[in-house]
Each structure stands twice: as structure tokens, then as C-alpha cells.
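The chain contents come next:
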Amino acid sequence: MKNILKLLLLCCSVFLSLFLLEKVYDFLLLQNKNIKASYILSENINAEVLIHGPCEPLWMLNPTQLDTLIHKKTYNLALSHSNFADNYLHLYLYLQNNQKPSHLLLYITPESMDERYNTFNTYRFTPFMKDTLIANIVKEFDPAYSRWIGFPFMKHAYYGSLINFKAVQGLKHYATKKEKPFYPNGYVPPLVQDWQYVMDHFIELYPNNVEFQWSKRREKYFRKLIAFAQSQNIEVFLYEAPVYDEAIKVQPNRQEIMGRLHQLAKEVNVPFVAFENLEMAKDKTNFFSTLNMTVKGAEIFTDTLGRYLQKEVFLKE
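For every chain, the first residue of the written sequence is number 1, and numbering continues from 1 onward in sequence order. In view of the model being predicted, local features appear only for residues whose pLDDT reaches at least 70, and side-chain atom pairs are presented and counted only at 80 or more, with totals across whole chains, interfaces and linings using the full set of residues. In computing side-chain values, all of the structure's heavy atoms are included and hydrogens and water are not.

A. Seen up close, the overall build of the protein chain. Secondary structure elements follow DSSP: runs of H or I no shorter than four residues count as helices, runs of E no shorter than two count as strands, and numbering proceeds from the N terminus. Helix and strand counts for the protein chain stand at 14 helices and 5 strands. When its C-alpha atoms are laid out on the principal axes, the protein chain stretches across 80 × 45 × 40 Å. Exposure categories follow from relative accessible area, calculated using a 1.4 Å probe and restricted to protein chains: below 20% of the type maximum is buried, above 50% is exposed, and the middle band is partly exposed. For the protein chain, buried positions account for 51% of its 317 residues. We call two residues in contact whenever any of their non-hydrogen atoms come within 4.5 Å of each other. Relative to all contacts within the protein chain whose residues are 6 or more apart in sequence, the contacts with residues 24 or more apart total 80%. Accessibility throughout is a Shrake-Rupley quantity obtained with a 1.4 Å probe, and a residue counts as covered only by protein chains that appear here. When the accessible surface of the protein chain is summed, it comes to about 15,800 Å², and 56% of that surface belongs to carbon and sulfur atoms. A residue counts as positive if it is Lys or Arg and as negative if it is Asp or Glu; His and the chain ends are not included. Positions of charges follow a simple convention, taking NZ of Lys, CZ of Arg, CG of Asp or CD of Glu. Across the protein chain, the mean location of the 35 positive side-chain charges is 10 Å away from that of the 32 negative side-chain charges.

Structure representation (C-alpha cells):
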């Protein structure tokens, strides 16, 4: 009997310890200013224009430069390797603590509709799983994770390798009373400055060319993101930045997918501008991959986009 009681006490102690540890991780992750979700929930950014999407706009559009062109306060909400569901939830979190922006600049390209590129990053939402909307979307994209999080601390332990350092960093930020992230305006300058692949190597990676696939789930969450923004009276502007010119040659169905993107934009009643045929797309020094730009290329395109927006969007309102 004593052994059973000891076992019960041990189980209760472990359960309680894990429960408390879960609460500690929740707190520390929310203190980490370098986590965008945590920062936007603690800081009143109140940008007039939000930049959103995956790594391309994250490493491409610098609000400091863009602000001087469009004369509006801008914040870069984009996140690396994120799909539309990931983007949707970050806009949802942003609006919980910030005034709604007047405009949302959303990057879109054929890869955006292909499940092989970008993804839903469950670990970014572990402190927010009590939110029903977030929990339901996480369950749709990551059902295995959702089955385990009923156990104490499992919501953090499941992706511990992606979370542990962030929690420790959150402790540091809390202890030092850090107020701003390393990149306060959300823009992350690209570290890579040289082309990573010569085209021969790129073709080796895709010997049968790049045939884009259209995902119904990607389209579903694209529509959800647009509908949510529109429900908040946020004007959405879709754009595609230049693609390295040589890469287009190995994308045989690119025009087909671009046509579908333009049609989709019409269906949701938002403008879509593809910045194709720009001279900068022919210069390899403007890119470090087929879609991602070097600092030099990013500055050139940001100038082009900013001048276009100021002339064709903001001056006409």
C-alpha cells in the first residue's frame, strides 16, 4: 500500500512540475521580443501599412526605406517559410493588440499555392493554444501534435528543439527588461550576398523542370486571409516581386499558374501586380536564389514598389 501511495505521489509531483513548467515556458516565450507573435502582442506598433508573407518579403522590404517613399508607417510582419494559414494567424494576433492598418501588402507567387514550398509552423503558436481559432487551425495542419498537447508541457516539448532556446532567450529579455527585438521594424536583411547556385546546379535540382502544383488548401487559406483583412476594412494589395530571369526558363507552367493567380485576385476583389520584365531580374547580383534578393536587389525593388504604390494606390485614394 505504501508503494502505491509513493507512486501516486510521484506521479502527482511529476504532473504538477510539468504543469508549472508549461506555464513558465508560456511566460518566457511571450517575453522573447525576437518572436514576432510575442512582440506584436506586447508592443503597440500601429502601422498604417503591413508587409506580409514568407521569407521573400521578410528579407526584401525594409520599412525604413519604404516609409520614405509612401509616407506611411510600415511594419514587416512576414515570417520565414510561412504559408497563408501561418500568415492569417499572425495578422489575427497583430490585430489583438494593434490598431488595424489601412493596407496589407501581401506577397504571392506560383510557389505560394504549392504545398512543397513554405509550410505551417506549429511551434510559433504553442503559447496561444487556448485560443480556439488558433487551436483549430493547428489541429487541421498538425493533428499528431494536437493529440499530444492534452498532457502537461507536451505542447512545448513536442517541438522542444525549436522552442527551448527561445524560452531561454525570453528569460534573458525579461531579466534585462528588453523592450525591442533585434530587428524592430520586422525586416531582416539577407545574410547571403552571393548567388548560391549557378543555373547548372539549379537545373540539377530540378532535372524535369519546375512544374507548379495548385493546392486547394493553400487557396482556402489565401481566401480566409483576404476575407479576414477585408472584414477589418483593410485594403489588400497583392504583388509578385521579380523572379531571376534565367529561372523562369525552367518553369514551363508558370504562366498558367500566374493566370490562375490573377483570376483568384479578381474573385476576391483585390489588385494584383506582378513586377515582371524589370531589368533588375536579368542581373544575377540582385539575387541569391531564384526568388530571394540580395540587399542590393532588395533596395532596387523596394524603390520600384514604393514609387508604384505612392503613385497608383495612395495618391488615388
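That covers the picture; the talk isn't over yet.
B. View of helix 9 (residues 160-175). Helix span is expected to be 1.5 Å times the residue number reduced by one. In a regular helix each residue adds 1.5 Å, so 16 residues correspond to 22 Å; helix 9 covers 22 Å between its end C-alpha atoms and thus fits that length. Once helix 9 ends, the next one or two residues include lysine 177, with phi positive near 55°.

C. Quick peek at the nonpolar core. In this description, a nonpolar core means a group of buried Ala, Val, Leu, Ile, Met, Phe, Trp, Tyr and Cys residues linked to one another through side-chain atoms lying within 4.5 Å. In this structure, Tyr75, Tyr94, Ile134, Phe222 and Leu238 are the most contacted members of the largest nonpolar core, which totals 60 residues. A total of 9 residues in this core trace back to one element, the largest contributor, which is helix 5 (residues 84-97). Not counting residues within four places of it along the chain, the set of residues in contact with leucine 238 comprises Leu106, Ile108, Phe222, Ile226, Ala265, Val270, Pro271, Phe272 and Val273. Formed by 25 residues, the second largest nonpolar core is a distinct cluster that contains Leu61, Leu66, Tyr239 and Ala298.

D. A look at a nonpolar patch on the surface. A residue counts toward a patch only above 30% relative accessible area and without a salt bridge, and it is joined to like-charged neighbours within 9 Å or, for Val, Leu, Ile, Met, Phe, Trp and Tyr, to nonpolar neighbours within 5 Å. Any carboxyl oxygen of Asp or Glu that lies within 4 Å of a side-chain nitrogen of Lys or Arg is treated as forming a salt bridge with it. On the surface, Val14, Leu18, Leu21 and Val24 cluster together to form a nonpolar patch covering roughly 270 Å² of accessible area. Here valine 24 lies in helix 1 (residues 2-31).

E. The packing of aromatic side chains, seen in detail. Classification of ring pairs rests on two measures: the distance between centres of Phe, Tyr or Trp rings, Trp counted by its six-membered ring, which must be within 6.5 Å, and the angle between planes, read as stacked under 30 degrees, edge-to-face over 60 and tilted in between. If you walk through the whole model with that rule in mind, you get 22 aromatic pairs. Judged by centre distance (4.9 Å) and plane angle (85°), the ring pair of tyrosine 25 and phenylalanine 153 falls under edge-to-face. Of the two residues, tyrosine 25 sits in helix 1 while phenylalanine 153 sits in the loop between helix 7 (143-148) and helix 8 (154-157), which places them 128 residues apart along the sequence. For the pair tyrosine 25 and phenylalanine 153, one class covers both residues: buried. Ring geometry for phenylalanine 275 against phenylalanine 301: centres 5.4 Å apart, planes inclined by 80°, an arrangement best described as edge-to-face.

F. Representation of empty space enclosed by the protein in the model. The way it works is a 1 Å grid over only the protein atoms, where trapped points that fit a 1.4 Å probe form a cavity and open points with protein on both sides within 12 Å along at least five of seven lines form a pocket, and then any residue with an atom within 4 Å of a point lines it. Grid points are joined across faces, edges and corners, and a volume is the space filled by probe spheres set on the points. Counting across every chain of the model gives 2 cavities of 30 Å³ or more. Its volume calculated, the largest cavity comes out at about 50 Å³. Forming the boundary of the largest cavity are Pro54, Ser82, Asn83, Phe84, Asn87, Ser112, Asn118 and Arg218. Of the residues that constitute the lining of the largest cavity, the class distribution is 2 nonpolar, 5 polar and 1 charged. Throughout, the ten residues Ala, Val, Leu, Ile, Met, Phe, Trp, Tyr, Cys and Pro are labelled nonpolar, Asp, Glu, Lys and Arg are labelled charged, and all others, Gly among them, are labelled polar.

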